[in-house]
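# Summary of the model geometry
Each chain, letter by letter, is given below.
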Amino acid sequence: TQVLRRSLQRGLVLSTGSFFVYEAHKLISGFAEVHASFKVEDVIEQADYLYGSGETEKLYRLLVQHKNSDDAELLWRLARSSRDLAQLGSTSAEEKKQLTYDSLEYAKKALEKNESNFAAHKWYGICLSDVGDYEGIKTKIGNAIIIKEHFQRAIELNPKDATTIHLIGIWCYSFAEMPWYQRKIAATLFATPPTSTFQEYAANSHLKLFSCLYAADPNFYSKNLLFLGKTYLKLNNKKMALLWLSKAKEYPAQTEEDKQV
């Protein structure tokens, strides 16, 4: 009887101890979840500050620590940061290729975590296009429809995002400028190959919107100015071409891409 009583008492103590351990675990887990939530917000805030300051390398070092995150906002920023680092003149060809493929993986993961995130769609389209430079012209053309679909989805989710609208314009420009041999490749890949003309591009509301975007924010994007000028040049409107190309030339260069423009 005494042995049984001691066993029951010990079981009660163990059960009570287990209960307290379980409750403590829940409490600690709760604090950890809240802390993690605040940490993500803090990282995003710091990342946006570094991006706005043009600190490409510091931004990448910050975000790559979170490459295994489940947060789409962190992941698409990492995709963008990897791509920006790849474009630096100081980045070797080998590193550029690796970063380009990495950026696509991060963007893909961001989409998997949140299919309704417009920025994830935008950067997936951009990164998929970049990877095409290493996969050959057939793959690049083959991915064109997928890229446009992601840009269009991004616009559906956020109709006011100027960058995505600009990218749709670039897509149209690229196909309008496509040489004949690439058009033959496109014809073999698609029942109805993606096509575009400069007249279509000019008539498109995107061109008008680019001008509105400039009026609202002259420093919106250097490449926006460049492609406005190039499009007008293709349309033989040299006066308008000179206007926009001059603005692109005078644009205050902050990033490597600005310098290239």
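Residues numbered from 1 in each chain as written. Predicted model: local features only at pLDDT ≥ 70, side-chain atom pairs only at ≥ 80, totals over all residues. Heavy atoms only, no water.

## Brief notes about the overall build of the chain
Looking only at helices and strands, the chain has 14 helices and zero strands in total. Counting helices and strands in the order they occur from the N terminus, the chain gives α-α-α-α-α-α-α-α-α-α-α-α-α-α. Among the 261 residues that make up the chain, the fraction classed as buried is 39%. The contacts in the chain between residues at least 6 apart in sequence include a share of 60% that link residues at least 24 apart. (Helix = DSSP H or I, 4+ residues; strand = E, 2+ residues; numbered from the N terminus. Buried < 20%, exposed > 50% of the residue type's maximum accessible area, 1.4 Å probe, protein only. Contact = heavy atoms within 4.5 Å.)

## Examining the packing of aromatic side chains
Taken as a whole and assessed by the stated rule, the structure comprises one aromatic pair. For the pair Tyr-101 and Tyr-134, a centre-to-centre distance of 6.0 Å together with 45° between the ring planes defines the contact as tilted. One end of the pair, Tyr-101, is in helix H4 (residues 93-113); the other, Tyr-134, is in helix H5 (residues 118-135), with 33 residues separating them in the sequence. Note on Tyr-101: relative accessible area 26%, which makes it partly exposed. A relative accessible area of 32% places Tyr-134 in the partly exposed class. Geometry around Tyr-51 places Arg-80 over its ring, the cationic atom sitting 3.5 Å from the centre. (Phe/Tyr/Trp six-rings, centres within 6.5 Å; stacked < 30°, edge-to-face > 60°. Lys NZ or Arg CZ within 6 Å of the ring centre and 35° of its normal.)

## Quick notes on the environment of Glu-73
By the secondary structure assignment, Glu-73 is in helix H3 (residues 72-86). Discounting residues that sit within four places of it in the chain, Glu-73 has contacts with Ile-44 and Asn-117. A polar contact is formed between the side chain of Glu-73 and the side chain of Trp-76, at a distance of 3.1 Å. In this structure the side chain of Glu-73 is engaged in a polar contact, spanning 2.8 Å, whose partner is the side chain of Asn-117. (Polar contact = N/O pair within 3.5 Å; in protein donor to acceptor, adjacent residues only side chain to side chain.)

## Comments concerning the pattern of salt bridges
The tally for this structure, following the rule as stated, stands at nine salt bridges. Ionic pairing is found between Lys-113 and Asp-70, a salt bridge with its closest N-O pair at 3.1 Å. In this pair, Lys-113 sits in helix H4 while Asp-70 sits in the loop between helix H2 (56-64) and H3, placing the two residues 43 residues apart along the sequence. Note on Lys-113: relative accessible area 41%, which makes it partly exposed. We note a salt bridge from Glu-73 to Arg-77, for which the minimum N-O separation is 2.6 Å. A residue pair is termed a helical-turn pair when its members lie 3 or 4 positions apart in one helix, as Glu-73 and Arg-77 do in helix H3 at four residues. What makes Glu-73 partly exposed here is its relative accessible area of 30%. Of the residues examined, Arg-77 reaches a relative accessible area of 8% and is grouped as buried. (Salt bridge = Lys/Arg side-chain N within 4 Å of Asp/Glu carboxyl O.)

## Some points on unusual backbone geometry
Even without a glycine there, the phi angle at Asn-236 is positive, about 65°. Examined against the element boundaries, Asn-236 turns out to sit in the loop between helix H12 (222-234) and helix H13 (238-250). Residue classification places Asn-236 among the exposed positions, given a relative accessible area of 66%.

## Some details on the confidence of the model for the chain
In the predicted model, the chain carries a mean pLDDT of 79, and the fraction of residues at 70 or more is 72%. Across residues 1-37, confidence stays below pLDDT 50; counting only partners more than four residues off in sequence or on other chains, it has zero contacts. (pLDDT = per-residue confidence, 0-100.)

## A short note on the side chain of Thr-100
Mapped onto the fold, Thr-100 is located in helix H4. We classify Thr-100 as buried; its relative accessible area is 6%. Residues contacting Thr-100, with those up to four places away along its chain left out, are Ala-86, Asp-130, Val-131 and Tyr-134.

## Section: the packing of H3 against H5
Helix packing geometry: the angle between the two helix axes and the distance between the axes. Between H3 and H5, the shortest axis-to-axis distance is 9 Å and the interhelical angle comes to 30°. If you check the angle between H3 and H5, you find them roughly parallel. H5 is crossed by H3, and the crossing has left-handed handedness. Across from Trp-76, Ala-79, Arg-80 and Arg-83 in H3, the residues of H5 making contact are Ala-119, Ala-120, Trp-123, Ile-126, Cys-127 and Asp-130. The residue makeup of the contact of H3 with H5, split by class, is seven nonpolar, no polar and three charged. (Axes fitted to C-alpha atoms, helices over the stretch in contact; angles between N-to-C directions. Parallel < 35°, antiparallel > 145°, perpendicular 65-115°, else oblique. Left-handed = near helix turned anticlockwise from the far one by under 90°. Nonpolar A, V, L, I, M, F, W, Y, C, P; charged D, E, K, R; others polar.)

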